[in-house]
2 protein chains.
Amino acid sequence: MRTHYNTSVRENLIGQKVTVAGWVNSRRDHGGIIFIDLRDKSGLVQLVADPQDCKEALGVAETVRDEFVLIATGTVRARGEGLENPNLETGKIEIILENLVIENRSKAMPFDINDEKVNDEIKLRNRFLELRSKKSFDIFQLRSKATIQARNSLDELGFLDVETPILTKSTPEGARDYLVPSRVHAGEFYALPQSPQLFKQLLMVAGFDRYFQIAKCFRDEDLRADRQPEFTQIDVEMSFCTQEDVIAVAEKLIYDVFTKCGKDIPKTFKRMKYSEAMESYGSDKPDLRFHMPLIDVIDIFEKSSNEIFTDIAKDKKNNRIKALRCPNGDNIFSKRQMKGFEDYVRKFGAKGLGYFQMKEDGLKGPLTKFFTEADLEEIVKVTNLEVGDVVFFGAGDKKTVWDYMGRFRLFLANEMNIVPADKYEFLWVVDFPMFEVEDGKTKALHHPFTMPKDLNKEDLEEIESIAYDIVLNGTELGGGSIRIHKEEIQSKVFELMGISQEEAKEKFGFLLDALQYGAPSHGGFALGLDRMIMLLAGTDSIRDVIAFPKTQKAQCLLTQAPSEVDEAQLKELHIRVRKIEQ
Amino acid sequence: MRTHYNTSVRENLIGQKVTVAGWVNSRRDHGGIIFIDLRDKSGLVQLVADPQDCKEALGVAETVRDEFVLIATGTVRARGEGLENPNLETGKIEIILENLVIENRSKAMPFDINDEKVNDEIKLRNRFLELRSKKSFDIFQLRSKATIQARNSLDELGFLDVETPILTKSTPEGARDYLVPSRVHAGEFYALPQSPQLFKQLLMVAGFDRYFQIAKCFRDEDLRADRQPEFTQIDVEMSFCTQEDVIAVAEKLIYDVFTKCGKDIPKTFKRMKYSEAMESYGSDKPDLRFHMPLIDVIDIFEKSSNEIFTDIAKDKKNNRIKALRCPNGDNIFSKRQMKGFEDYVRKFGAKGLGYFQMKEDGLKGPLTKFFTEADLEEIVKVTNLEVGDVVFFGAGDKKTVWDYMGRFRLFLANEMNIVPADKYEFLWVVDFPMFEVEDGKTKALHHPFTMPKDLNKEDLEEIESIAYDIVLNGTELGGGSIRIHKEEIQSKVFELMGISQEEAKEKFGFLLDALQYGAPSHGGFALGLDRMIMLLAGTDSIRDVIAFPKTQKAQCLLTQAPSEVDEAQLKELHIRVRKIEQ
């Protein structure tokens, strides 16, 4: 119906007749001449309805309102001197209307589509209007470009795009499954997959060698700002590979996608052991856009005359005392702010937050009295303090200290405004522990299909696995592992996790079977596509990058899902809704 | 871990050391020398363990069995004279083993992976082994290639790949929905989408202009051989378009995909009106790989002295008498076979199946006595009969006659073995009726969002819509339509279908809303990807082209889904399983 998209109407078409189509972005009446900014996905072009040129078109133009859909034919003309608009791609021309058709009308908009401050509920309820903003269209164009590049990169590397089922059996990622009642098999349920993990491993057993899929995954969890009940991951698996092979594929993929989307990133990424990430950044996903590492000072504090510290220092295996240097902090932050920092870390289990100020004449602060001059000097040395700095301390059980000092590091950097927004800092965190023991229960840190390096260790938490996470700017972009390809190792891992042979057989029998019929060594990774697009687009809500997102209560306000259904439907599915218990 | 895939080890590598990895396809012992055919996704290569070269490798080779996973290093050597295998890509060389590692062992196979006659249940239960066959791998390689080409073609045409939700509201395709109970909203359910129809229309209202998605769709129907509970479609929608624009996109897409997969097909396809397809082929998806059209003979039969025929001919609007010429049928088929044909059509509602035989001296058969010589000659003329032919007749209500004569046409062609297997006959069937009235109920033939050509007709069944199906070799590959973009037309269609304003608002309120805020004209299509791959691969079961398919009872025999779940899970979801009623 159109001859051109709006922004392809340029000076080279002056004098030619064109037809464009789109939405009325705005309409102005100047002394009987009507100017319309017409919008399509490419951008804006100015239409002019002038009684001298075409009275019929003017007549139509007089009736149009914002967001009406128009098909407009006219001749391209250079704008008069001084009337050019340098902010518009098509700012040097306008289209003199010869024919104007209103293809559809529009009621008055419930909100301004370019106003980001509008209440979320109204926007989500009218998502089809919110998506009209340039910001939204640009995001989905970016998303499409990124996913097509991802597929082409993996295709070039010999990976096959294979679909795995959505109606499947409960998978073992540990989150809550969405269930689907079966009509044919009364009392039985499918589960929606939390990931294609086991299916991709089976494809390796089948000899497919290299698999990928941009896969929908589902988790019925309470939602945080960056979570959705359904999300998408770039899912990859390969055979006869080492960790290095997998990392090389992931780096190539990420490099290709980011480069395609106009971001300049390195071809290979830094690496850091899990243990170093925890010790130096208090997190398995350190944000390396700024430095500020945590410094171990337990050996110095051990010599102090403060019993709290000396007690903590007695158990160096399980406890930590960490220092965090805040450059120029003494000049930036007020006493009240410093007090606020203590309140912040207390939320994450800290008993307090000690600090010294670095003055011209040395360290000051209530804690100095517990230290010798020599020890204070050592603190200055190991934490690299300069005059005007503050150094904070966290002390206690290591997991708690890592957690709150890691969070505090990020919090401080934000307060100080030292995190560069336009930087992409990638990092591989490697050598994850295989297990995590909590309340006497042994859990797999990644998942139970991860290959351990050596199972024969007394302390289960000391067993390392061949698992790796890819971190971007402090966000976990994805991760993966080399998988167990031997049935005996898999069974042993289940046993260490306290999963009985019976339970293992019931849940993962098909995997244990498959491992006994010539399973090759294999490994892979998955990248969270939604998060990746979020970081590429520079937006801070996962909802911005999902066309029809759900609220934090897992509702689609647009279609009103979930909703009640007919009793007859439930009967066919052999279920009934529980009465609310009194 | 490998330096080469098996089939890249060729003559040019003779004398060089290589490492390959894969599965033992077979193993032979010839006078103390062991020959192993090693298989990977690329194909086979021969390994030789000779005590003269490497005793250690021979020692390992002696212990390997079929389907063991090996990593083998050795030097490439030309095979001895007379020992070349012309059937193998690598048949001119072999690898003399220097190091052989058993990466994993395998139990004895439960079935031969290349034997297609093995019982389906055993194969599906061990799908990871069935997928090891060359046939399977080739199919999934083809599928991956086809989908990547489809995406790239649509990307080049300016379509954005946009994901729509899986957890959504019941959609109106008319099949049964799969439901997902909500944990957060007691007593409420999501539905899995039967298609992204309404979401893609909303994306047009949002101004996305051109959308595509390779989308998972779900229908909880009783399964036939070519259906699965979840299936995949290439889903496309565009704005400001006519039927011609949409057809051009679909033809380009199909041309690109088939050409990429090595099939030579035309760039544009034939067209046929729906009414002609029904009248001439008794089907809205005629198989045009062979001709054999149905010929209207009601005017001739009207003149017969047989009351059955003259009665039928009284209502030419609703009844039909159709002839089907079977070339050389009198020589091919026995009397008993002809009787069998009658049994066949009776299954589809025929009261009988009349026929004439074309002998040297004219038409013969029990029915001839009802016709004059002139009328018999006219029958010969209009049906183009030659000596040796048979002509069959179907008479009765038009829908029944179309149906059984259309089926009989296909049945006969198969019996006569005249359907070429290697031909791709594409056809657009256009100008579908908007409505179908059955038992007094008005249903949309495509779906209620299809644009009607003219709603102002007394007889609802005479209203045509701008809908089109794409047919390949008698299989519906997909279809589409121009959609309604005006709220008043959409409301009118709902009204004609007997959907109350209240019901329309509850089910499709968001669509009716969206149509009032500047909806552009739009249309699109969807292609069944699974079927397309089935036709491209030349296989006859949809299960062959799905990595982890379900049985006709919608079960996954591999993972044993669906299955029972914990009572605690059901409680969280606010549902309980109904007791079986006595």
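Residues numbered from 1 in each chain as written. Chains lettered and ligands numbered in written order. Predicted model: local features only at pLDDT ≥ 70, side-chain atom pairs only at ≥ 80, totals over all residues. Heavy atoms only, no water.

- Chain A is annotated in an unreviewed UniProt entry as Aspartate--tRNA(Asp/Asn) ligase from Aliarcobacter trophiarum LMG 25534.
- Turning to chain A, the UniProt annotation filed under Function (unreviewed entry) states: "Aspartyl-tRNA synthetase with relaxed tRNA specificity since it is able to aspartylate not only its cognate tRNA(Asp) but also tRNA(Asn). Reaction proceeds in two steps: L-aspartate is first activated by ATP to form Asp-AMP and then transferred to the acceptor end of tRNA(Asp/Asn)."
- Chain A has a UniProt comment under Catalytic activity (unreviewed entry) that states "tRNA(Asx) + L-aspartate + ATP = L-aspartyl-tRNA(Asx) + AMP + diphosphate". (UniProt positions renumbered as here; feature names shortened; annotations may be inferred.)

### Thoughts on the UniProt feature "binding site: L-aspartate" (unreviewed entry) in chain A
Residue and element names in this part refer to chain A.
Here is step 1: When the UniProt feature table is mapped onto this chain numbering, "binding site: L-aspartate" (unreviewed entry) sits at Glu173, Arg219, His446 and Arg483.
Here is step 2: Take Arg219: it is sitting in the loop between strand 9 (210-218) and strand 10 (230-239).
Here is step 3: Judged by relative accessible area, which is 28%, Arg219 ranks as partly exposed. (Helix = DSSP H or I, 4+ residues; strand = E, 2+ residues; numbered from the N terminus. Buried < 20%, exposed > 50% of the residue type's maximum accessible area, 1.4 Å probe, protein only.)

### Examining the packing of aromatic side chains
Here is step 1: Applying the stated criterion across every chain yields a total of 56 aromatic pairs over all chains.
Here is step 2: Both rings, one in Phe199(A) and one in Phe548(B), keep their centres 4.7 Å apart while their planes meet at 50°; by these two values the pair is tilted. Placement of Phe199(A) in helix 5 (residues 197-205) and of Phe548(B) in the loop between helix 16 (529-537) and helix 17 (567-572) is noted, with the two residues assigned to different chains. Here the two residues Phe199(A) and Phe548(B) agree in accessibility, since each one is buried.
Here is step 3: Geometrically, the ring pair formed by Phe408(B) and Phe411(B) is stacked, given 6.5 Å between the ring centres and 25° between the ring planes. In this pair, Phe408(B) and Phe411(B) are both assigned in helix 13 (residues 398-416), three residues apart and thus about one turn of the helix distant.
Here is step 4: An aromatic cluster is present here, built from Phe333(A), Phe341(A), Tyr344(A), Phe348(A), Tyr355(A), Phe392(A), Phe408(A) and Phe411(A) joined pairwise through their rings. (Phe/Tyr/Trp six-rings, centres within 6.5 Å; stacked < 30°, edge-to-face > 60°.)

### Some remarks on the side chain of Arg143(A)
Here is step 1: Following the sequence through the fold, Arg143(A) ends up in helix 4 (residues 134-156).
Here is step 2: Contact partners of Arg143(A), with chain neighbours within four places excluded, come to Thr232(A), Leu529(A), Asp530(A), Ile533(A), Val545(A), Ile546(A) and Glu163(B). (Contact = heavy atoms within 4.5 Å.)

### Notes on a positive patch on the surface
Here is step 1: Residues Lys571(A), Arg576(A), Lys579(A), Lys571(B), Arg576(B) and Lys579(B) make up a contiguous surface patch of positive charge.
Here is step 2: By the secondary structure assignment, Lys579(B) is in the segment after strand 23 (575-577). (Patch = residues over 30% accessible without salt bridge, like charges linked within 9 Å, V, L, I, M, F, W, Y side chains within 5 Å. Areas by Shrake-Rupley, 256 points an atom, 1.4 Å probe, with all protein chains shown as cover. Salt bridge = Lys/Arg side-chain N within 4 Å of Asp/Glu carboxyl O. Lys, Arg positive; Asp, Glu negative; His and termini not counted. Charge placed at Lys NZ, Arg CZ, Asp CG, Glu CD.)

### Thoughts on the nonpolar core
Here is step 1: Counting 198 residues, the largest nonpolar core has Leu192(A), Ile234(A), Phe426(A), Leu192(B), Ile234(B) and Phe426(B) as its most contacted members.
Here is step 2: The residues touching Ile234(B), leaving out its near neighbours within four places in the chain, are Ala150(B), Leu154(B), Gln213(B), Ile214(B), Leu253(B), Phe525(B), Ala526(B), Leu527(B), Leu529(B) and Met532(B). (Core = buried A, V, L, I, M, F, W, Y, C linked by side-chain atoms within 4.5 Å.)

### Focus on the UniProt feature "binding site: ATP" (unreviewed entry) in chain A
Here is step 1: Annotation from UniProt places "binding site: ATP" (unreviewed entry) at Arg219(A), Asp220(A), Glu221(A), Gln228(A), Glu476(A), Gly528(A), Leu529(A), Asp530(A) and Arg531(A).
Here is step 2: Inspection of the secondary structure puts Asp220(A) in the loop between strand 9 and strand 10.
Here is step 3: Residue classification places Asp220(A) among the buried positions, given a relative accessible area of 2%.
Here is step 4: Excluding residues that lie within four positions of it along the chain, Asp220(A) makes contacts with Arg176(A), Asp177(A), Tyr178(A), Arg183(B) and Leu573(B).

### As for the relation of the copies chain B and chain A
Here is step 1: With an RMSD of 0.1 Å, the fit of chain B onto chain A corresponds to turning through 180° and sliding 0.0 Å along the axis. The superposition of one copy onto the other is thereby described by a two-fold rotation axis. (Least-squares fit on C-alpha atoms with pLDDT ≥ 70 in both.)

### Some remarks on the pairing of strand 14 (residues 354-359) of chain A
Residue and element names in this part refer to chain A.
Here is step 1: In this sheet, strand 16 (residues 390-397) lies alongside strand 14 in antiparallel orientation, the contact comprising four bridges. Within the sheet, the bridge partner assigned to Tyr355 lies in strand 16 and is Phe392.
Here is step 2: Here strand 14 runs beside strand 15 (residues 362-364); their pairing, made up of three bridges, is antiparallel. Across the sheet, Lys359 pairs through a bridge with Gly362, a residue of strand 15.
Here is step 3: Linking strand 14 back to strand 15 in an antiparallel pair, the connection comprises two residues. (Pairing = 2+ DSSP bridges.)

### Some points on the sheet that holds strand 3 (residues 43-49) of chain B
Here is step 1: Taken in spatial order, the five strands line up as 1-2-3-5-4 (chain B) and close into a barrel, and their pairing is mixed. Pairwise comparison of adjacent strand axes, ignoring direction, gives a mean angle of 55° for this sheet. (Axes fitted to C-alpha atoms, helices over the stretch in contact; angles between N-to-C directions.)

### Remarks on helix 11 (residues 335-346) of chain A
Residues and elements named next belong to chain A.
Here is step 1: With twelve residues, helix 11 extends 17 Å between its outermost C-alpha atoms, agreeing within 8% with the 16 Å of an ideal straight helix rising 1.5 Å per residue.
Here is step 2: Of all the positions in helix 11, only Met338, Phe341, Glu342, Tyr344 and Val345 are classed as buried. Along the long axis of helix 11, the arc covered by the buried residues comes to 160°, so they all point the same way. (Expected span 1.5 Å × (residues − 1). Arc of directions from axis to C-beta.)

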